[in-house]
Amino acid sequence: MAGMKTASGDYIDSSWELRVFVGEEDPEAESVTLRVTGESHIGGVLLKIVEQINRKQDWSDHAIWWEQKRQWLLQTHWTLDKYGILADARLFFGPQHRPVILRLPNRRALRLRASFSQPLFQAVAAICRLLSIRHPEELSLLRAPEKKEKKKKEKEPEEELYDLSKVVLAGGVAPAVFRGMPAHFSDSAQTEACYHMLSRPQPPPDPLLLQRLPRPSSLSDKTQLHSRWLDSSRCLMQQGIKAGDVLWLRFKYYSFFDLDPKSKTPKKKKKKKNPVRLTQLYEQARWDLLLEEIDCTEEEMMVFAALQYHINKLSQSGEVGEPAGTDPGLDDLDAALSNLEVKLEGSAPTDVLDSLTTIPELKDYLRIFRPRKLTLKGYRQHWVVFKETTLSYYKSQDEAPGDPIQQLNLKGCEVVPDVNVSGQKFCIKLLVPSPEGMSEIYLRCQDEQQYARWMAGCRLASKGRTMADSSYASEVQAILAFLSLQRTGGGGPGNHPQGPDASAEGLNPYGLVAPRFQRKFKAKQLTPRILEAHQNVAQLSLAEAQLRFIQAWQSLPDFGISYVMVRFKGSRKDEILGIANNRLIRIDLAVGDVVKTWRFSNMRQWNVNWDIRQVAIEFDEHINVAFSCVSASCRIVHEYIGGYIFLSTRERARGEELDEDLFLQLTGGHEAF
Amino acid sequence: MGESSEDIDQMFSTLLGEMDLLTQSLGVDTLPPPDPNPPRAEFNYSVGFKDLNESLNALEDQDLEALMADLVADISEAEQRTIQAQKESSQNQYHSASLQASNFSGAAPLGHGTNVAATGISQYEDDLPPPPADPVLDLPLPPPPPEPLSQEEEEAQAKADKIKLALEKLKEAKVKKLVVKVHMDDNSTKSLMVDERQLARDVLDNLFEKTHCDCNVDWCLYEIYPELQIERFFEDHENVVEVLSDWTRDTENKVLFLQKEEKYAVFKNPQNFYLDNRGKKESKETNEKMNAKNKESLLEESFCGTSIIVPELEGALYLKEDGKKSWKRRYFLLRASGIYYVPKGKTKTSRDLACFIQFENVNIYYGTQHKMKYKAPTDYCFVLKHPQIQKESQYIKYLCCDDARTLNQWVMGIRIAKYGKTLYDNYQRAVAKAGLASRWTNLGTVNAAAPAQPSTGPINGTAQPNGQMPQAAHSVSAVLQEAQRHAETSKDKKPALRNHQEPGVPRPRRPQVQPAPPRPVQRSWDTRAARHAPQGYRQRGFLALPDDFLPPQPPPPAWTTQSSRLAPGLCAPSRRSRQEASYAPPRQQARGINVHKQQMNKINE
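By the naming in an unreviewed UniProt entry, chain B is Amyloid beta A4 precursor protein-binding family B member 1-interacting protein, taken from Macaca fascicularis. Comment text from UniProt for chain B, heading Function (unreviewed entry), reads "Appears to function in the signal transduction from Ras activation to actin cytoskeletal remodeling. Suppresses insulin-induced promoter activities through AP1 and SRE. Mediates Rap1-induced adhesion."

As named in an unreviewed UniProt entry, chain A is FERM domain containing kindlin 3, taken from Macaca fascicularis. Of chain A, the UniProt comment under Sequence similarities (unreviewed entry) reads exactly: "Belongs to the kindlin family."

A. Representation of the packing of aromatic side chains in the model. Taken as a whole and assessed by the stated rule, the structure comprises 46 aromatic pairs over all chains. Both rings, one in Y640(A) and one in Y644(A), keep their centres 6.0 Å apart while their planes meet at 25°; by these two values the pair is stacked. Taken together, the residues span about one helical turn, with Y640(A) and Y644(A) both in helix α18 (residues 634–647) at a distance of four residues. With a relative accessible area of 0%, Y640(A) lands in the buried category. Arranged with centres 5.5 Å apart and planes meeting at 85°, the rings of Y225(B) and Y365(B) form a pair that is edge-to-face. Of this pair, Y225(B) sits in strand β5 (residues 219–225) while Y365(B) sits in strand β12 (residues 363–367), and the two are 140 residues apart along the sequence. Like Y225(B), the residue Y365(B) is buried in the burial classification. Taken together, the aromatic side chains of Y264(B), F267(B), Y274(B), F303(B), Y424(B) and Y427(B) make up a single cluster linked through ring pairs.

B. Looking closely at the domain arrangement of chain A. Entries for chain A in the domain assignment read domain 1 (16–95), domain 2 (99–146 + 159–260 + 273–294), domain 3 (361–467) and domain 4 (562–666). Its C-alpha centre places domain 2 of chain A at a distance of 50 Å from the equivalent point of domain 3 of chain A.

C. Representation of the confidence of the model for chain B in the model. Residue and element names in this part refer to chain B. In this model, chain B carries an average pLDDT of 62, and 43% of its residues clear a pLDDT of 70 or more. Across residues 443–605, where pLDDT falls below 50, the model places 280 contacts with residues more than four positions away in sequence or in other chains. For this predicted complex, the interface confidence comes out at an ipTM of 0.82, alongside a pTM of 0.72.

D. Structural view of the packing of α18(A) against helix α19 (residues 660–667) of chain A. Residue and element names in this part refer to chain A. Where α18 meets α19, the closest approach of the two axes is 7 Å, and the angle between their N-to-C directions is 145°. Considering only the axes of α18 and α19, their crossing is right-handed. Where α18 abuts α19, its residues R635, H638, E639, G642, G643, I645 and F646 lie against L662, F663, L666 and T667. Residue composition of the contact of α18 with α19, by class: five nonpolar, four polar and two charged.

E. Spatial organisation of helix α1 (residues 42–53) of chain A. All names here are of chain A. Compared with an ideal rise of 1.5 Å per residue, which puts 12 residues at 16 Å, α1 spans 17 Å between its outermost C-alpha atoms and is within 8% of the ideal. Within α1, the full set of buried residues consists of I42, V45, L46, K48, I49 and I53. All buried residues of α1 project into a common sector of 165° when viewed along the axis, lining one side. Among the exposed residues of α1, those oriented more than 90 degrees off its buried face are L47 and E51. On its buried side, α1 packs onto β1 (16–22), β2 (31–36), β3 (62–66), β4 (71–73), α2 (80–83) and β5 (91–95). Two residues or fewer past α1, N54 is found with a positive phi of approximately 55°.

F. Structural detail: the nonpolar core. Judged by nonpolar contacts, the single largest core of 157 residues is most densely connected at L430(A) and W553(A). Not counting residues up to four positions away in its chain, the partners in contact with W553(A) are Y254(A), F256(A), L281(A), A285(A), D288(A), L289(A), I294(A), F304(A) and F559(A). Listed in part, the 50 residues of the second largest apolar core include L256(B), V266(B), I364(B) and Y366(B).

Rules behind the numbers
- Residues numbered from 1 in each chain as written.
- Chains lettered and ligands numbered in written order.
- Predicted model: local features only at pLDDT ≥ 70, side-chain atom pairs only at ≥ 80, totals over all residues.
- Heavy atoms only, no water.
- UniProt positions renumbered as here; feature names shortened; annotations may be inferred.
- Phe/Tyr/Trp six-rings, centres within 6.5 Å; stacked < 30°, edge-to-face > 60°.
- Helix = DSSP H or I, 4+ residues; strand = E, 2+ residues; numbered from the N terminus.
- Buried < 20%, exposed > 50% of the residue type's maximum accessible area, 1.4 Å probe, protein only.
- Domains from an automatic or database assignment.
- pLDDT = per-residue confidence, 0-100.
- Contact = heavy atoms within 4.5 Å.
- Axes fitted to C-alpha atoms, helices over the stretch in contact; angles between N-to-C directions.
- Left-handed = near helix turned anticlockwise from the far one by under 90°.
- Nonpolar A, V, L, I, M, F, W, Y, C, P; charged D, E, K, R; others polar.
- Expected span 1.5 Å × (residues − 1).
- Arc of directions from axis to C-beta.
- Core = buried A, V, L, I, M, F, W, Y, C linked by side-chain atoms within 4.5 Å.

So, in structure tokens, the structure goes:
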């Protein structure tokens, strides 16, 4: 060993003193001094350090960080010479895993221990394993945006911070499922709560908060986000991240593999699917839309709002009802059904047995209005009978056995609510198709109960189903719930944070739509439109609704485009480069028009000149494109391209395992600089 | 009671007569024509016929057999006797029936020759609007029966009670059946029975069987509205009876069986819909050349993801203003959620768009000769309307495109947005069907054509001075192809790459032997590198993958091995073959004879 010396105390081997600080990068840290030679192995040095410290502790996670070279000394069989370490090296003996605060796609904060020594790709994979998110290759970490000092102080209410830093996952094996969740979450009530946070959609945000949060106002704003991605081939330590820093965990690559495992691998049914990935993806999509990171039309927003409403309702009722394990969608339906039974018995006494055996029908006096040219007639009272999918009306109840004034088959018709709760107006507008065209008819109901029953009937009939359909009850419930929503939410223009009555049903519709719609519509205008969209999704289960939400998000034309500001070779102005999972898009910065699209499938190679921050891409037929990156480093562009190409090589057969080498080859490769 | 049973008897004799007509040689006798009154039957109306008798006569014997089977199936105890009765009555009746049939066959060509003959739905429940909910209950009483025709007839009448029982049972089953007259592309017609559970696909299969056509994917059921001058194909998943129920009783609408290459054009040349550079005509040339591999990956990308991708489509179209004959030019955009337009003075960003129509309750139709009818700017019109609307109405939307290409793009785009993945599933089923039916005969030619084909593709097709064939990975799934392509390119680049790498870069690398001779791709890269190097480019090839990161390529056209590597749900041989195979022309001339032979065989069995 190093440190042989003569009696006089002179060292006779070529050993020298190496000072190692213990702890994280802290100049005041205690240090130990070792006697080493160039031939000493790192493993030996580690052993000596631990001996010197002489403290009983688990040191297995500790390793040496070389500050000047920004490098971990992880090869224990390498010698100091091989690493090139001399006596002046500043070495820190510290833990490889350190706590960070992760901001999840659902905007919740979570403290956990992340690897500071592995390449980020592996560190993210480990994090995702802990959080039970499949396909970690689609995610990555972003630096948190720098906060503006002044604004900081006023807001930032106390926020719940979930803590998983104590949880250690055994390596190698897939986490077992215990009590409906991965076993490592079921240790304590705290971790269990954390799992619920991860696996269940969050309630809609406070509309006020939504208005306050920064939103991109232009394409160049949208490029900001993408300048903050961390390198996936370097470790956190190398990228200047410190213990306790805030990082964002986001889906980076919009190429979601095997999202709907049910439909594609029916064989694996027994394997219970973990909802965390789907939920977090849903959350990211939702925030994308709410913060206007991606634009959509009014009609699309209403569908998104309806889905959010539905998802929120399901996830909340799931929490109240059964714990984990059963399908929350079914629970909800059952609950709604029993709920309805009570309600029907209370309001309109009907024989339950009777309603089971006969075809249900609705009969009542309603006011009917048929808009026609050159008519001044308004609403008129009629006796209306609604049976199966056919609506017939008579002058009075006495004439009901005879011929009706008119009979309408509602199959395929359009049902539009025309409701004003405060004005006590409950109208149903029907557009009934006939060979001659559509005939318009308005039904006016007296109260909410009546309205809900007729409305539900009309909706089912329009889909060709009768009121005997099992979904009738939940449909009635959904309508009633929405009416109550309108009553509570219609109060003011969004500055009513939901007080004590913020129950599952009393929701502010402003929390479901992007702020620009908050400005455009009053809540009471918004509610019926959301309700209208809701009728098409009311029967979905939680997972289905989330999937539908994600699908609708994916169907938006601007979906999955990451924007970077670049300057094309030969061009004098900055432009936007959009990177999607299958193509690169050149976009005019000012107008936002697509100038040109290149597909990855036609790409032959790309080169990066790290010195002048330029990326050159060659496509088929000798099309060459070169640009320098303005808003983000060219490394981010390069990683996006390589990442998407890597993701396209995934195969179902290979399952969850990843070819990490390939990923790093496609996205890395700049280490020499 | 007596009346109706006689009626049934009547019908039966007619049916059986028709059967005999087909099995025996024709012998036309001069008997008084049978009573044409509609018998009381379990099908409520037929499409494309003046009356039911006509439609029944036009039925082919398989259908008749099926109908008979239906009728007799439920008579458990008296089954034998019923069949006996059939035989008896058929012997008595075939003369009259054959006469009737000959009457009909004389009349039919007339109708098709003019093509405007009122071939409406003959429907027997006058009290009900379509679709009739429970037709049999509301049937008007049949008219007085004819005189008894013969002595044997009366004996058979006893047995007719049993048949009636069967009818009752059928009524209970309430399976709605239609007899549909389908116009073939050679101006003939075929009649077939469609029950309400059958999808367009089933009907097509049925027609394939009857016509012995080549079964290719372009065959479709096509509905024509002569009054509105609109037409469209049935999607394969559509319920035929449901669609036909929307027709009015006296409709002139027709069902056609013909080939339309537009039906699945997107799957044959996806690049024309997905990669089209709007307005640029010259792009068309290059698009046509896309190779099969790329097409497949494009399709997989568009249709096999979590959500399908609707082609990006936008442009100025003419919109017919409600109730007027004027057309207004507007800028329209297609999105998955519907068609939108740019309101006056607004931009085409998502937030400004106004919704024009959503697809939930409308079907899309081609408009024909709207230039004449509605003074449209061009004849490339498409129409959106609720399927139930049959007459002119302000609720029908008329749009007009500048050219045929745009029209096809819009119609296909709307169908993709409306039907989504179903369209692709339909196509794959159609391909499978076509493959089963007739591919085997064409397989040889396909295989021969296959290796040559990719050489025209842009990827491998630059230049091949050394005569090396590009690897033809015919049916490897798209993901693989992507990877493989990159692997290929990187393979070639690798040696060159190393020259440019900085020494000492830690990079996992496995020793490689380059087995293949250098390919042209590589050379081009080399020259590029040389050109760039002096400019301060430090060449780094990020595509440098190890050669063996992929499973070995299959030998080019070996069907069996390839199909096993496909993504689930894809059917390799047929998918492949649909793109290059030249389809055999429909053998229509021979068809009639074939049909006859087969039918006779069947009956003899």
